[in-house]
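Spelled out, the chains give:
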Amino acid sequence: MSGPFKRRASLKKPVSLGLVKSAATRRRSSVTALAPIPQVQQDVPWDLLERCFLPVLFCHASAVVISYTLSVLRIWQVTAFSLFIWFTIVMLGVVLFYHNLKVSIVGKAVLITGCDSRIGSALARVLDDLGFTVFAGFQNAVDNPVADELKEESSGRLHILQLDVSSETQILAASLYATAHLPDGADGLWAVIHAASWIALGEIEWIPLEIIRKATDVNILGATRLIQVMLPLVRRAKGRIVLVTSGLSRVVSPVRGVHCALQAALEAEAVCLRQELKPRGVDVIVVAPGEYSSGSAWLTEEGIRDQAREMWENLMEEQRLEYSEEYFETAIRSLEKYTKSKDADLSPALRALSDAVIRTFPLQRYTPISRQEKLQAIIATYLPRSVYDIIYS
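Residues numbered from 1 in each chain as written. Predicted model: local features only at pLDDT ≥ 70, side-chain atom pairs only at ≥ 80, totals over all residues. Heavy atoms only, no water.

**Notes on the overall build of the chain**
Working step 1: Within the chain, the secondary structure is distributed over 13 helices and seven strands.
Working step 2: Here the chain holds 393 residues, and 51% of them are scored as buried.
Working step 3: If you take every contact in the chain between residues at least 6 apart in sequence, the share linking residues at least 24 apart comes to 76%. (Helix = DSSP H or I, 4+ residues; strand = E, 2+ residues; numbered from the N terminus. Buried < 20%, exposed > 50% of the residue type's maximum accessible area, 1.4 Å probe, protein only. Contact = heavy atoms within 4.5 Å.)

**Observations concerning the pattern of salt bridges**
Any two side chains of opposite charge can pair, given that their charged atoms come close.
Working step 1: Taken as a whole and assessed by the stated rule, the structure comprises eight salt bridges.
Working step 2: Glu168 is the salt-bridge partner of Arg225, the closest N and O atoms lying 2.7 Å from each other. A residue pair is termed long-range when its members are at least 10 positions apart, and Arg225 in helix H7 (residues 209–236) and Glu168 in helix H6 (residues 168–180) qualify at 57 residues.
Working step 3: Exposure remark for Arg225: the relative accessible area of 27% places this residue in the partly exposed category.
Working step 4: With relative accessibility at 41%, the residue Glu168 sits in the partly exposed group.
Working step 5: The residue Asp389 makes a salt bridge to Arg385 at a minimum N-O spacing of 3.3 Å. Here the residue Asp389 and the residue Arg385 both occupy positions in helix H13 (residues 385–392), the gap between them amounting to four residues, near one helical turn.
Working step 6: Among the residues examined, Asp389 registers a relative accessible area of 34% and is labelled partly exposed.
Working step 7: The structure contains a network of salt bridges with shared partners spanning Arg250, Glu267 and Arg365. (Salt bridge = Lys/Arg side-chain N within 4 Å of Asp/Glu carboxyl O.)

**Remarks on the sheet that holds strand E5 (residues 240–244)**
Working step 1: Pairing in this open sheet of seven strands is parallel, and the strands run E3-E2-E1-E4-E5-E6-E7 from one edge to the other. Each having just a single partner strand, strand E3 (158–162) and strand E7 (365–366) make up the two edges of the open sheet.
Working step 2: As paired strands, strand E1 (residues 109–112) and strand E4 (residues 191–194) are joined by three bridges and run parallel to one another. Note that in E4 the partner of Leu111 across the bridge is Val192.
Working step 3: Each of E1, E4 and E5 is contacted by H7, which is oriented at about 175 degrees to E4, the strand it contacts most. (Pairing = 2+ DSSP bridges. Axes fitted to C-alpha atoms, helices over the stretch in contact; angles between N-to-C directions.)

**Digging into the packing of aromatic side chains**
Working step 1: As enumerated under the stated definition, the model contains nine aromatic pairs in all.
Working step 2: Consider the rings of Tyr98 and Phe361, whose centres lie 5.5 Å apart with planes at 70 degrees: the pair is edge-to-face. One end of the pair, Tyr98, is in helix H3 (residues 80–99); the other, Phe361, is in the loop between helix H11 (347–358) and E7, and 263 residues separate them in sequence.
Working step 3: Since its relative accessible area comes to 41%, Tyr98 is described here as partly exposed.
Working step 4: Measuring from centroid to centroid gives 5.8 Å for Tyr323 and Tyr327, while their planes differ by 25 degrees, and the two rings are stacked. One end of the pair, Tyr323, and the other, Tyr327, are both in helix H10 (residues 317–333), four residues apart, so they sit about a helical turn from each other.
Working step 5: Members of the aromatic cluster, joined through ring pairs, are Trp206, Trp312, Tyr323, Tyr327 and Phe328. (Phe/Tyr/Trp six-rings, centres within 6.5 Å; stacked < 30°, edge-to-face > 60°.)

**Quick look at a positive patch on the surface**
Working step 1: Residues Arg235, Arg236, Lys238 and Arg280 make up a contiguous surface patch of positive charge.
Working step 2: One can find Arg236 in helix H7.
Working step 3: Since its relative accessible area comes to 49%, Arg236 is described here as partly exposed. (Patch = residues over 30% accessible without salt bridge, like charges linked within 9 Å, V, L, I, M, F, W, Y side chains within 5 Å. Areas by Shrake-Rupley, 256 points an atom, 1.4 Å probe, with all protein chains shown as cover. Lys, Arg positive; Asp, Glu negative; His and termini not counted. Charge placed at Lys NZ, Arg CZ, Asp CG, Glu CD.)

**Describing a negative patch on the surface**
Working step 1: There is a patch of like negative charges on the surface, built from Asp143, Asp148, Glu152 and Glu153.
Working step 2: On the secondary structure map, Glu153 appears in helix H5 (residues 145–153).

**Overview of the nonpolar core**
Working step 1: Residues Leu111 and Leu189 are the most contacted members of the largest nonpolar core, which totals 54 residues.
Working step 2: Considering each element in turn, this core owes the most residues, 12 residues, to H7.
Working step 3: The residues contacting Leu189, other than those within four sequence positions of it, are Ala109, Val110, Leu111, Phe135, Ala178, Leu182, Met230, Leu233, Val234, Ala237 and Gly239. (Core = buried A, V, L, I, M, F, W, Y, C linked by side-chain atoms within 4.5 Å.)

**What about H10?**
Working step 1: At Ser324, H10 shows its largest kink, close to 75 degrees.
Working step 2: Taken as a whole, H10 has its buried residues at Gln319, Tyr323, Phe328, Glu329, Ala331, Ile332 and Arg333. (Bend = angle between axes of the 7 residues up to and from the residue.)

**Considering the pairing of E3**
Working step 1: Relative to E3, strand E2 (residues 133–138) runs parallel, the two being bridged by five bridges. Along E3, the bridge assignment pairs Val134 with Leu158.
Working step 2: Note that the unit made of E2, H5 and E3 has a crossover that is right-handed. (Right-handed = clockwise from strand over helix to strand, strands pointing away.)

**Concerning the packing of H6 against H7**
Working step 1: Following both chains from N to C, one finds H6 and H7 inclined at 25 degrees, their axes separated by 10 Å at the closest point. In this view, H6 runs roughly parallel relative to H7, as classed from their interaxial angle. Crossing angle aside, the handedness with which H6 passes H7 is right-handed. Residues Glu168, Ile171, Leu172, Ala174, Ser175 and Thr179 of H6 pack against Gly222, Arg225, Leu226, Val229, Met230 and Leu233 of H7. (Parallel < 35°, antiparallel > 145°, perpendicular 65-115°, else oblique. Left-handed = near helix turned anticlockwise from the far one by under 90°.)

And the structure:
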C-alpha cells in the first residue's frame with residue numbers, strides 16, 4: 001500500500017475480524033508466495049560486524065597495555081598501533097574461521113511454524129534445498145494453495161503439517177508426527193523455528209480485547225507452549241530454537257503498541273531461555289528483521305483495512321468524537337508504508353535465518369535491517385529518549 005493514498009468510502013463496512021485472509025485472497029497470492037527469492041546480498045553484514053566489534057576492541061585495549069608495559073620495563077620499544085594491527089589481523093582471522101564453520105546437514109530435521117507467510121514458506125524452501133528434513137507448519141494446511149505448491153516444488157524430505165500454535169492439540173500432534181518421521185539416525189529436531197506471527201494494529205485504546213488476545217495467543221503463549229512441547233526433541237539433538245521477532249522490540253512505534261510489547265516480551269523470554277538451556281547444549285537465537293528488510297511478510301493491505309474498519313465500528317461514540325475519523329484514518333494509513341509489494345526482497349532475512357540454523361557458532365541475535373533502521377535502533381537504545389523523540393517524532 002505504498003504511494004499516494006486513495007480515500008475509502010467509509011470505514012463502517014462489515015468485514016471479517018483480524019488479519020485472516022479469505023480463500024480467494026490466498027489463491028491470488030499463492031502464485032507469488034513461492035516465487036523465486038532474489039538472491040541480493042545484504043547491504044551491511046551486521047551479524048559479522050557485531051561479531052568482530054568486541055574482539056577488535058579487545059585488541060586495541062591489549063595493544064595499549066602491552067605496549068606501555070614493555071616500554072616501562074625497557075624490554076621492547078613498540079608502538080601500540082603496531083601491536084593493534086598485528087593483534088587485529090590474528091584475531092579477525094580466528095573470528096572469521098569460527099564464524100564460517102557450518103554443521104553437517106545430513107540427517108538433521110527442522111520444524112518451522114508460520115509457513116502461511118512469505119518468509120515462512122521461503123525459509124522452508126531454502127532449508128529443503130540445503131538438504132534438511134523440513135516440517136513446515138501451516139495455520140491452515142487444508143486446501144491451502146501455498147502449502148500445495150510448496151509440497152509440489154520441494155523434495156520428499158518436506159512434510160506439510162497442520163500447526164496453529166494457538167492450539168495445544170495441534171502442537172502435540174505435530175510433535176508426534178515429527179518424532180515418527182525423523183531422518184534415520186536422528187535423535188531429535190535440530191531446530192525449531194517459530195516464524196508464526198499475528199499483528200494487532202491500532203492505538204491501544206482502539207484495539208478490541210479479542211484482537212489483543214489473538215495476538216497474545218500466537219506471539220507469546222503459542223510460542224511458549226511450542227517450545228515446551230518440542231524442547232525434549234531439540235535437547236536430544238543438542239539443537240537450537242530460533243525465534244523470529246521484529247526490530248519493533250527495540251524501536252517502539254505508535255499504532256503498533258501491542259505488537260511492540262509482544263515482540264519485546266518474546267525477546268525477553270528468549271534471553272531467559274538461553275541462560276536456562278545453555279548448560280544443556282541448546283542454543284536460543286533471535287532473528288529480528290527490520291520493517292523493510294523482511295518485507296513485512298505478515299502485513300497485507302486487506303488486513304490493515306479490515307482491522308481499521310473493525311476497530312472503528314467498535315469504538316464508542318465518545319471515542320469517535322474525540323479522535324475523529326480523519327485522525328483515525330491518518331493513524332492507520334501511517335502503516336501503509338510498511339506493506340511491501342510481492343517482489344519485496346526477503347534475502348537478508350532468509351540469510352539470517354539460514355545462518356541461525358546452519359552455523360556451528362551462531363550469534364545470539366541477528367538483525368537483518370537497513371542502515372537507517374540500525375541507526376534508529378542505536379539512537380533508541382543508547383541515547384536519551386528526548387533525543388530520539390526530537391529526531392523521529
